[in-house]
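Each chain, written out:
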Amino acid sequence: MKSLQIIFAVVCLQFVNVNGNAADWADFRGPNGNPVHNGNLPLSWDVQGKKNVAWKASLPGRGVSSPIAVGNLVVVTSSAGANQQKLYVVAFDQQTGKQRWRRSFWATGRTYTHPTSSNAAPTPVSDGEYIYAFYSSNDLVCLDLDGNLMWFRGLAHDYPKAGNDVGMASSPAIAGDVVVVQIENQGDSFASGIDRQTGEELWRVPRDPRANWSSPVAYQINDGSFTVLLQSPTGLNAVDAKTGNERWTKEMSCGNITSPLKVGQSIYFGAGGTTRLKLNPKGTTPEVVWNANRLTANAASPIVDGENLYILSGSIIKSADSNTGDLNWQVRLKGRFWATPILSNGHLYFFNQDGLVQVVKVGETGEVVEEFEIGEPVLGTPAAVGNALFFRSDKHLFKISRP
Amino acid sequence: MQNRIGSTIQLLDYFASRLIVICYGRFWVRYSFKTKILFSMCCLIAIAVSAPAVNGAEIENLTKTINAIGSKGLGHVKARQAVAELTKCDADQIVLILEGFDSSNKLAVNWLRAVVDTVLENALQRGEEIPLDSLMEFLDDTDNDANARRVAYEWITDGNPALRDRILKTALGDPSLEIRREAIENAVSRALSIKEEAAPEALKQLKLTLSSARDLDQIDQITEEIESLGGEVDLPTHFGFLVTWNLIGPFDNSGTKGFDIAYPPESVIDLQDAVEGKLGNIRWFEHSSEDRYGMLDLNTIMPEKYKGAIAYAHTTFESGKKQVVDLRLGCVNGNKIWVNGKLITSNHVYHANTSIDQYIARATLNEGTNEILVKIAQNEQEESWAQRWQFQLRICDEFGTAILPTDRR
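Residues numbered from 1 in each chain as written. Chains lettered and ligands numbered in written order. Predicted model: local features only at pLDDT ≥ 70, side-chain atom pairs only at ≥ 80, totals over all residues.

Scanning chain A for helices and strands turns up two helices and 33 strands. Here the C-alpha atoms of chain A give a radius of gyration of 20 Å, agreeing with the 22 Å that 2.2 N^0.38 yields for 403 residues. With the principal axes as the frame, chain A shows a C-alpha extent of 60 × 50 × 50 Å. When the 403 residues of chain A are sorted by exposure, 55% land in the buried category. Sequence-distant contacts in chain A: of pairs separated by 6 or more residues, those separated by 24 or more amount to 52%. (Helix = DSSP H or I, 4+ residues; strand = E, 2+ residues; numbered from the N terminus. Rg over C-alpha atoms; globule rule 2.2 N^0.38 Å. Buried ≥ 20, exposed ≤ 12 C-beta atoms within 10 Å, placed from the backbone. Contact = placed C-beta atoms within 7 Å.)

Structure below.
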């Protein structure tokens, strides 16, 4: 009987692994692209004195992508070399910070970026079975959790005009058995669906030949199929994940850095400030619920926690009513931001470009309750698992948790 | 080399199996049935344990499968199976995999690199040793694939800085630009360490190092140090920038439509003729860049700062022989290049950053005079960061080593 229980437990464990673990933070901006977490994270830490720093690991080269947490790993990408042509995927043990494996590749596409950015700008994504690491050079790597290569694609090798020498940053999304990439630039501009098992191209749709850094967002609909949202300067498109066929389009002038957020049956995205759409059951073009032009985000994407919407507008954090778009309060922060903040237990954690962390307690009003330096720039959103926060600076990966 | 090692392994396999057969035969005659069974099982286990999971010939076939990968996922299914097989290799078979590297397939070489790293990393985790001697032998042969040698170098030098320094001392001209970069970094450090007490020797070493340097940041650093010691550096010559040009413009590029219009210079180049431009008749004029990086700033060279405009730049290149070269362009504007009337690159991209060697195109130069024509298209963006109208072009080999015209002054 006991062995039957063990077998059952192992089978369950396998099932959880294959379909992604609820405890994982394995996507750009966390589960469902909404970086809301409810762990008991420290409100401050000291990277010099090591207060609340469980471990710190050196990274090869540099990068601005976010770490992801999958299984018992934290996975980070980086790039190095004279022209950032060397690509890395590195996996660390979540508990010890010990490097479990490291894989390196040579970029096959364009590697130039603005000095602020890096070839390792897109955040990797995992379905719990495989890790998909993507780079500004449009190289896409699929590895299993032990670091075994499943496949490697050079999308700019296939479409040589794909690239932006300012740097690309759109992160891939997983939609069922399809990995979706959004490669929008002045050259070969397209979105593509790639078979997650083999890396083969399933579909490719042309996109406006304009620079865009927004990331695709996938969600499952009632019939079990997946829809992918593609935001670009001319509007928001919803396409079928298996075919790339258009499901609906909302033509609006949109931001080209922030990414859309789907919460329940609503979509929040950067159009005319911020716009909320309500999905309709028929799957046709959704209606605008509200539009708030005061809620203009620059680089950070929206966060929604129940009835509260948070938008980082320049260096001002704005809290609005998610039902109406009405502004509740705003607080000015210090510095310039690229990273979308993370919300945990009523606190927003902001990392600015100069390495200053500011923690804002949210409620009826917002208040900066902690402010401290970490000494290195942080451009990627942190990952959170349980009571631990993982963030990556240019050259290091940190685990923050209480002793 | 690959065939030689493969044959040797097969030969050893043969002799080992013959030995087992002979021993087994003698045992069969002498001992009881129980002992025979026990001995047979031991032999089977010994064979299973000692034989590599993948033999030399299989490795060759598997790397061929990976090297057959093509665009858009072509060959992935078979290649994925090949990777799974190859990762079963023993660490001491790693050179056989490295010999399968063919960097002309930029996709496949990444698959093979992952295999090598996986095999060696797994071996280390099992407490096995890395086959340093065979890796060193592989690294020493500069005819081997540059990327494969780089992988060997990384595994040899990982955690062994003394060995790393020893290898790098003789690697200033290494065909692997990644290895060469580290060699230059070391050589610069050595030169700078004697800068105070032996400036002339430091200067001599820095100049020698510069001649091998191909990366912009290292060239800049070395140049600065040489100049601080009173030395001179001719950067346009070091890079191979083309600095003397005939220019004509503006032609119309309103709405960026002029990019695809073939204005007269694309058909006939007559440096004496006036042709109709955007604002009336225009003529060719000569300009030589004084910039260290061969940059031609059209906003200052042309009579006015034009928007929605196109300029053409023409020059000739005297080549001592027929040769394949890289034309490397840095241009923040839309651009096209023709060599002897043949279009070799076209990039309709505006104000998305620029750098030396931003666009690389291959071309064949004829022996004698070669005609080079560049089209530089400015759009109508008004943002302050979208005002530059400029280009820099150099000719070099695939490693970035300057190829100079025979008549360069």
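Residues and elements named next belong to chain B. Orientation of helix α10 (residues 177-193) relative to helix α12 (residues 216-228), taken along the N-to-C sense of each, is 15 degrees, at an axis distance of 11 Å. When the axis of α10 is compared with that of α12, the two are roughly parallel. Between α10 and α12 lies a crossing of left-handed hand. Across from Arg181, Ile184, Val188 and Leu192 in α10, the residues of α12 making contact are Gln218, Gln221, Ile222 and Glu225. For the contact of α10 with α12, a count of residues per class yields four nonpolar, two polar and two charged. (Axes fitted to C-alpha atoms, helices over the stretch in contact; angles between N-to-C directions. Parallel < 35°, antiparallel > 145°, perpendicular 65-115°, else oblique. Left-handed = near helix turned anticlockwise from the far one by under 90°. Nonpolar A, V, L, I, M, F, W, Y, C, P; charged D, E, K, R; others polar.)

Contact with chain A, which involves 30 residues of that partner, is made by 31 residues of chain B. The element that contributes the greatest number of residues to the side of chain A that touches chain B is strand β10 (residues 149-154) of chain A, accounting for six residues. In terms of residue class, the side of chain A that touches chain B is made up of eleven nonpolar, 13 polar and six charged.

What the domain assignment reports for chain B is domain 1 (163-233) and domain 2 (239-396). For domain 1 of chain B versus domain 2 of chain B, the separation of C-alpha centres amounts to 34 Å. (Domains from an automatic or database assignment.)

Time to look at the sheet that holds strand β18 (residues 246-251) of chain A. Residue and element names in this part refer to chain A. The four strands are arranged β15-β16-β17-β18 in an open sheet whose pairing can be described as antiparallel. Of all the strands in the sheet, just β15 (217-220) and β18 have a single pairing partner and so form its edges. Geometrically, the sheet is characterised by an average inter-axis angle of 20 degrees between neighbouring strands, direction not taken into account. As paired elements, β15 and strand β16 (residues 226-232) share four bridges and run antiparallel to each other. Its bridge partner being in β16, alanine 218 is matched across the sheet by valine 228. (Pairing = 2+ DSSP bridges.)

Residues and elements named next belong to chain A. Reading across from one edge, β23-β24-β25-β26 is the order of the four strands in this open sheet, with antiparallel pairing throughout. Where the open sheet ends on each side, the last strands, each with one partner, are β23 (303-305) and β26 (327-332). Taking the axes of each pair of neighbouring strands and ignoring which way they run, one obtains an average angle of 20 degrees across the sheet. The pairing of strand β25 (residues 316-321) with β26 spans five bridges and is classified as antiparallel. Looking across to β26, one finds that alanine 320 is bridged to leucine 327.

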